[in-house]
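# Reading the structure
Here's the letter readout for the chains.
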Amino acid sequence: MNILKRKTPQNIRFGEQKPKYYFHIRAFLALLGILFALGIYFNWQTLLEKMDDKPISGFALAGQKIFTTDADIKESLLKMGSLKGFWGQDVEPIQAQIEALPWVKSSIVRKIWPNRLSIWITEYQPVAFWNQNQFVTQDGVVFQLPIERLKENTLPYLGGPDYQSLKVLEAWNQIYADFKSKNLIAKGMNIDERGAWQVTLDNDIVLKLGRGEWKSKLERFVTIYPQVDVPENKKIDYVDLRYAAGAAVGMADK
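Reference entry: report on the structure contained in this document. (Residues numbered from 1 in each chain as written. Predicted model: local features only at pLDDT ≥ 70, side-chain atom pairs only at ≥ 80, totals over all residues. Heavy atoms only, no water.)

With that out of the way, let us pick up the layout of surface pockets. Quantified by volume, the largest pocket comes out at close to 220 Å³. Lining the largest pocket are Pro-55, Ile-56, Ser-57, Gly-58, Phe-59, Lys-74, Leu-77, Leu-78, Gly-81, Ser-82 and Leu-83. In terms of residue count, the dominant contributor to the lining of the largest pocket is helix α3 (residues 70-78) (three residues). Considered class by class, the residues forming the lining of the largest pocket number six nonpolar, four polar and one charged. (1 Å grid on protein atoms, 1.4 Å probe; cavity = no way out; pocket = protein on both sides within 12 Å on 5 of 7 lines; lining within 4 Å. Points joined across faces, edges and corners; volume = space filled by probe spheres on them. Helix = DSSP H or I, 4+ residues; strand = E, 2+ residues; numbered from the N terminus. Nonpolar A, V, L, I, M, F, W, Y, C, P; charged D, E, K, R; others polar.)

Structure below.
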């Protein structure tokens, strides 16, 4: 006696066609997954912000902070308005705000749970004054710094167009070392827009070197200088070395 068995899902054999509603369900579930992923993607920031129960309200400052104070960082953060919490706050705008301080070379900002920041900064290091009211680094970077924050007050005074900063630094290093070996001290030098050089000694004598090669002119000055006869109650104001030979000496009252 043969008994016909009812076909159930468990009895569907390999290769048999599945019901149409099976594919509809799979497509529907795939669509739901895509919509869910898109919802998270476009609302990720909002979801993170909802997880925050308190805004960021403190920071720890580290790194090379010779010129930067906690008050500087606090003021920079206040300019951004109210900060978000640990999950919702993006650190890139904070880094950009801190790096807007003209003496800050770079910064790294990290969030610390639950509501603090770790801020590491690197500052520009001045090796000379530049055009009186600015400073320049050893790499020729010109930047600004409040003069009252400078602890080193023996920096040389250099100047010229900003694009010439590295050229002036290289020339200064040569001249300063050469003069020092001859018991002369230079305190500054500059180049103007026409490319004319000028050196100032520590006794405020100005050496006018003109354009082009200046090494032979400085050697000529070293030879001439001891022979200059300075009248009583006078002092040397400048030495003009822009001639093929010799020099013109200008005097001023003491």
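Counted under the stated rule, the structure contains 11 aromatic pairs. Each member of the aromatic cluster is reached from another via a ring pair, and the members are Tyr-124, Phe-129, Phe-135, Phe-143 and Tyr-157. Lys-111 extends its terminal NZ or CZ atom over the ring of Phe-86, reaching a point 5.5 Å from the ring centre. Note that Lys-208 overlies the ring of Tyr-238, its terminal NZ or CZ placed 4.2 Å from the centroid. (Phe/Tyr/Trp six-rings, centres within 6.5 Å; stacked < 30°, edge-to-face > 60°. Lys NZ or Arg CZ within 6 Å of the ring centre and 35° of its normal.)

Within the open sheet, the three strands sit side by side as β1-β3-β2. Their pairing is mixed. With partners counted over all chains shown, the strands left at the sheet margins are β1 (58-63) and β2 (104-112), one partner each. Adjacent strand axes in the sheet meet at a mean angle of 20°, parallel and antiparallel pairs treated alike. Across six bridges, β1 lies against strand β3 (residues 116-123) in parallel orientation. Within β3, the position partnered with Ala-60 by the bridge is Ser-118. Relative to β1, α3 is tilted by about 130°, and along the sheet it contacts β1 and β3. Packing against the sheet, helix α4 (residues 92-99) makes contact with β2 and β3, and its axis sits at approximately 150° to β2. (Pairing = 2+ DSSP bridges. Axes fitted to C-alpha atoms, helices over the stretch in contact; angles between N-to-C directions. Contact = heavy atoms within 4.5 Å.)

Moving on, we come to helix α5 (residues 165-181). The first and last C-alpha atoms of α5 sit 25 Å apart over 17 residues, in line with the 24 Å expected at 1.5 Å per residue. Following α5 by one or two positions, Asn-183 has its phi on the positive side, about 65°. (Expected span 1.5 Å × (residues − 1).)

With that settled, the discussion passes to the side chain of Gln-134. Within the fold, Gln-134 resides in strand β5 (residues 134-136). Looking at Gln-134, the relative accessible area reads 17%, which means it is buried. Gln-134 has contacts with Ala-128, Phe-129, Val-142, Phe-143, Gln-144 and Asp-162, leaving out every residue within four places of it along the chain. (Buried < 20%, exposed > 50% of the residue type's maximum accessible area, 1.4 Å probe, protein only.)

A separate point is the pairing of β2. Inspection of the sheet shows β2 paired to β3 by eight bridges, in the antiparallel sense. Residue Val-109 lies in a different strand from β3, and its bridge partner there is Ile-119. The antiparallel hairpin formed by β2 and β3 contains three residues in its connecting segment.

What follows concerns the nonpolar core. One finds Leu-158, Phe-179, Met-189, Trp-197, Leu-207, Leu-209 and Phe-221 to be the most contacted residues of the largest nonpolar core, which totals 26 residues. Of all elements in the fold, only β4 (128-130), α5, β8 (186-191), β9 (197-201), β10 (206-210), α6 (215-224) and β11 (234-240) reach the threshold of two or more residues within this core. In terms of residue count, the dominant contributor to this core is α5 (six residues). Ignoring sequence-local partners within four residues, the contact set of Phe-179 consists of Leu-184, Ala-186, Leu-201, Leu-207, Leu-218, Phe-221 and Val-222. In this structure, Val-91, Trp-103, Leu-117 and Leu-145 belong to the second largest nonpolar core, which totals 24 residues. (Core = buried A, V, L, I, M, F, W, Y, C linked by side-chain atoms within 4.5 Å.)

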